[in-house]
Amino acid sequence: MLPPVEVPSPRRRKGRSLRLVIGLVIALLGLAITSARGLAGLYTDFLWFDSLALSSVWTGVLGAKITLAVAFTFGSFILVLANLVIAQRLAPMVRPPGPEEDALTEFHALIARRPRLLWVGVSAFLAFLFGAGVAARWNEWLLFRNSVSFGVTDPLFSEDVGFYVFQLPFLVFVTNWLFAVLVVVLIVSAGAHYLNGGIRLQVAAPRVTPGVKAHLSVLAGVIALVKAVNYYLDRFELVFSTRGVVHGAAYTDVNAQLPALNLLIFISLLAAVLFLVNIRRQGWMLPITAVGLWFLVAVVAGSIYPALIQRFRVEPAESTREAQYIARNIEATRVAMGLDDVNIREFRYNEDLDAAGLTRNAETIRNVRLWDPQVLQQTYQRLQEVRTFYRFTDVDVDRYVIDGELTQIVLSARELSPGSLPSDTWENRHLAFTHGYGAVLSPANSVTADGQPDFLVRNIPPQGAPAITEPRLYHGEAIGGYSIVGTGRDEIDYVREDGTAVPNRYDGQGGVDIGSLTRRVAFALRFGDINPVISEFMTDESRILYIRDIRERVRTIAPFLSYDNDPYPVVLDGRITWIMDAYTTTDRFPYAQRADTSRLGAGSGLAQIFNYARNSVKVTIDAYDGTVTYYIVDPDDPIAAAYARAFPDLFTDVREVAPELRAHFRYPEDMFRVQTSMWGRYHIGDAAEFYSQSDRWNIAQDPGSGRGVAATAAPIDQASNLPLGPREGRMDPYYLLMRLPEAPRPEFLILQPFVPFSEDDTRRELSAFMVAKSDPADYGQLEVFVMPRDRQVDGPAIVNARINQDPEVSSLITLLSRAGSEVILGNLVLIPVDQSLLYVRPLYVQATGANAVPELKKVIVAFGGRIAIRDTLQDALVAVFGDAPPTREEGPAVPGDPADPETSLLPEEVRLLLDEAARAFAEADTALRAGDPVLYATKVQEGRSAFERARQAASTAPATTPVGTTATTVAPNGAAPTTVPPTTAPP
């Protein structure tokens, strides 16, 4: 007996219907909100570009996307629909009866009334699939439309390089797209003919009607013609081949692959003719033969034959077979990577440098960089953070004229840290704490008496020179989210020591006006935040600042450029301006080798595949109002010229760069990393030597910077006197302000040392070093100084190993690492002086703990076999050379010296105690040089004890300051100027 059937009650059916309606409403609301947010994003993007007077860039990119999407979608639609209409018209008046027709009866009944609607729907669906994604090709399309000549032809086809860079990529895409669309059209047309009865597989009579056969044969013939065009374009793609020893068309490509492609072109054209001839013939034997022959030639001639040629003809005599193509690769790579105009000079290495030579190069010695930017960032943060909601994201190296002398400077901008606000409310984050404040600058080798940076500009408000009259930073390296200015409440400039806030009202023109309710709603949708709409602080004058991270800002404006990983601030005319280096790149330069990007950070725009690069654009961003200017500094770069044609309102001519701004342009570090990595191999100009790689160079091993001896010392091979151990990292290039050998004046440049290449990485002698100049007169000039071939010149890793083995250095580092102190070793810097090499390494000491401040306490100098470690660079140079010119650094002052204007103000008791501390430290140095570590430790402890008693006495005794004298010190949080006693902190 069957169980009773349960009939749903009316209430249950009503509940299900209600849930269905609710779900449908929720889905529609979600779709509406998503669509509204998408439209709001599009609208606010336009407002943002318009606020920068760059709306033409936004419309240009959007217009290119729409043009491609519409054109290719419409083309796909027409192709599919036209063939479906042809299939409909070629349908037989009476469909052949049979089992296939019986199976399609319901289908015909369904579409009998509206067959056209089905064909239109199918065409629209396929057109969307084929056309929508084409919008992503907007960059190729813009370059195709605005192509220019490179003025350089490839050696294989004698085509201008511009054809490969601007035209070929888009042409290849179009032919591949058209081939894929036509194949689908052929399949869809055959299906339509089957549905219409023009094709029947289970009948004895002709299975394909003559009209259908003609239609499909024409389609197949067109596909063959398109494939022939595709093969023709594939010939040009050979210049990017990676089959041989180097990139570019090699022996096998030219002598086997190219003839195979020419044969395939002929076969494709023959197949097209056979498909058309087959219209008037019975059966399909001709087209089947054509396709079979096509497939056979593609496999044998296109794959098997080139592989056999490569294996049995090229590899046994590769150096001679590939010589011609290696030479082409060398020439093309040098041109593509900007290495075709390198000035190669002989460095006549000697160890004849003396005190007189140092004096002749006093500008170089005065600007030796003692402050490692990575270490200095922590020092800046501890001394000049002022408040926890500020931070120093990065420390950069530049040069400024100080007291009439060009001086190497380290600097950093004090940016806002939204994640460290005292109270993380919406009002604080978006209305009150809206900006960073000021910057700090200090000479690269200037040190105060207590081992801290000798600030040129510091504190809040900024004090010092160069003067900063507009210190507010609304745009920076790490500013995310949005801020609203011009509201009903004041912004907070900074907080005084007494806790009171200094207010500010933004008066710039940056940002987007959100005085209207429509715009506020649009931005509320964009950011998913209703507060801009409901906050009572909004006024008709309110403006919203967003996309404030300078990296994101420039990438949003010009995503077709690649950007350097290290923007840097410049203090100019009282304002802070960011400078970013932008690159044009392509991987379509014929015969050029792909760039070695292994030494680039993940954030670098050059961390991609390319074989051509130019630093043709410099971008400036005003830290206050966010104004962005793109300067084309290399007008000879064809890619930059093409983009300038596409976006004429975006770029500014290099002649409009102010001389004061140009004086701060630096040769970019990322570009230099790539060029030096490539030069290690491509300095070899002879094809035979290039193949053998016998003179290949590598970037010098990085001696590293670290904490204490353990972080830097390495085991030594007693036979070769070379460090052993795992493969090390490579030295980063570094900026120097120095006078090159035989140069008339000091120059700001970036330097990179080389060592011989070896698979086991044991070759550490110096081969050469490359410099790139940054001064306006010869900006971008590359020079390589090659070491003598007849003698070994110690490289940085060898010198570092000798430093670590020096008894005085190792003993001092060991002792300084005790008693709650930590030693940090800075970068080892190689400095060419005349025809000699000087190595300098700073040593920092910091107390252990979360708020430790690294202080420069010692400087190590190595020259030839001589090594010295002293309190100052000048002292170390004197120890090595007997005399040295004065350096900018001050070093430890002598406590209690009556000539010292600060210590002369101290009470007698304090001065006596400081004298006692100074004597103890002096005796400690003597004991260390005598090799008595026990006495050294005892005297250091005595000095620290006397210094501590002096500090306690100074804190309880009143100090007097003569009229016209300002004694300054750092407050407990390192922020504001107060009054400071003494002197030398213990080592």
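What counts and what doesn't
- Residues numbered from 1 in each chain as written.
- Predicted model: local features only at pLDDT ≥ 70, side-chain atom pairs only at ≥ 80, totals over all residues.
- Heavy atoms only, no water.
- Buried < 20%, exposed > 50% of the residue type's maximum accessible area, 1.4 Å probe, protein only.
- Helix = DSSP H or I, 4+ residues; strand = E, 2+ residues; numbered from the N terminus.
- Polar contact = N/O pair within 3.5 Å; in protein donor to acceptor, adjacent residues only side chain to side chain.
- Contact = heavy atoms within 4.5 Å.
- Axes fitted to C-alpha atoms, helices over the stretch in contact; angles between N-to-C directions.
- Parallel < 35°, antiparallel > 145°, perpendicular 65-115°, else oblique.
- Left-handed = near helix turned anticlockwise from the far one by under 90°.
- Nonpolar A, V, L, I, M, F, W, Y, C, P; charged D, E, K, R; others polar.
- Core = buried A, V, L, I, M, F, W, Y, C linked by side-chain atoms within 4.5 Å.
- Pairing = 2+ DSSP bridges.

**Student:** What's the story with helix α25 (residues 807–816) in this structure? I'm lost.
**Tutor:** Each α-helix winds once per 3.6 residues, and so residues spaced three or four apart point in a common direction. The complete set of buried residues in α25 reads V809, S810, L812, I813, L815 and L816. Between the side-chain oxygen of the N-cap and the backbone nitrogen of E808 there are 3.2 Å, and the N-cap of α25 in question is D806.

**Student:** Is there a simple way to think about the environment of V878 in this case?
**Tutor:** One can find V878 in helix α26 (residues 873–881). Given the relative accessible area of 32%, V878 is considered partly exposed. Remark: the alpha-carbon pair of V878 and A868, spanning 10 residues in sequence, is separated by 9.1 Å. Setting aside chain neighbours within four positions, we find V878 in contact with D883 and A884.

**Student:** What is the right way to look at the packing of helix α8 (residues 210–237) against helix α9 (residues 251–277) in this model?
**Tutor:** Two packed helices can be described by the angle between their axes and the distance between those axes. Contact geometry of α8 with α9 gives a least axis separation of 8 Å together with a crossing angle of 165°. It follows from the interaxial angle that α8 and α9 lie roughly antiparallel. Considering how the two elements wind past one another, α8 and α9 form a crossing that is left-handed. Contact residues: S217, V218, A220, G221, A224, L225, K227, A228, Y231, Y232, D234 and R235 in α8; L258, L261, N262, L264, I265, S268, L269, A271, A272, F275 and L276 in α9. Of the residues belonging to the contact of α8 with α9, the class tally is 16 nonpolar, 4 polar and 3 charged.

**Student:** Would you mind going over the nonpolar core with me for this structure?
**Tutor:** Among the nonpolar cores identified, the biggest contains 133 residues, and I557, L561, V619, Y630 and L650 are the most heavily contacted of them. Setting aside anything within four residues of it in sequence, one finds L650 in contact with L54, V57, I557, A558, F560 and Y630. Of all hydrophobic cores here, the second largest spans 110 residues; its members include L737, L740, F785 and V833.

**Student:** Explanation requested: the pairing of strand β30 (residues 829–833) in the structure shown.
**Tutor:** Sheet faces and side chains relate simply in a regular strand, where the side chains alternate between the two faces. Within β30, 5 of the 5 residues are buried, which leaves the element mostly enclosed by the surrounding structure. Burial along β30 is two-sided: V829, I831 and V833 facing one way and L830 and P832 facing the other are all buried. Across 5 bridges, β30 lies against strand β31 (residues 836–847) in antiparallel orientation. For P832, the partnering residue across the bridge sits in β31 and is L837.

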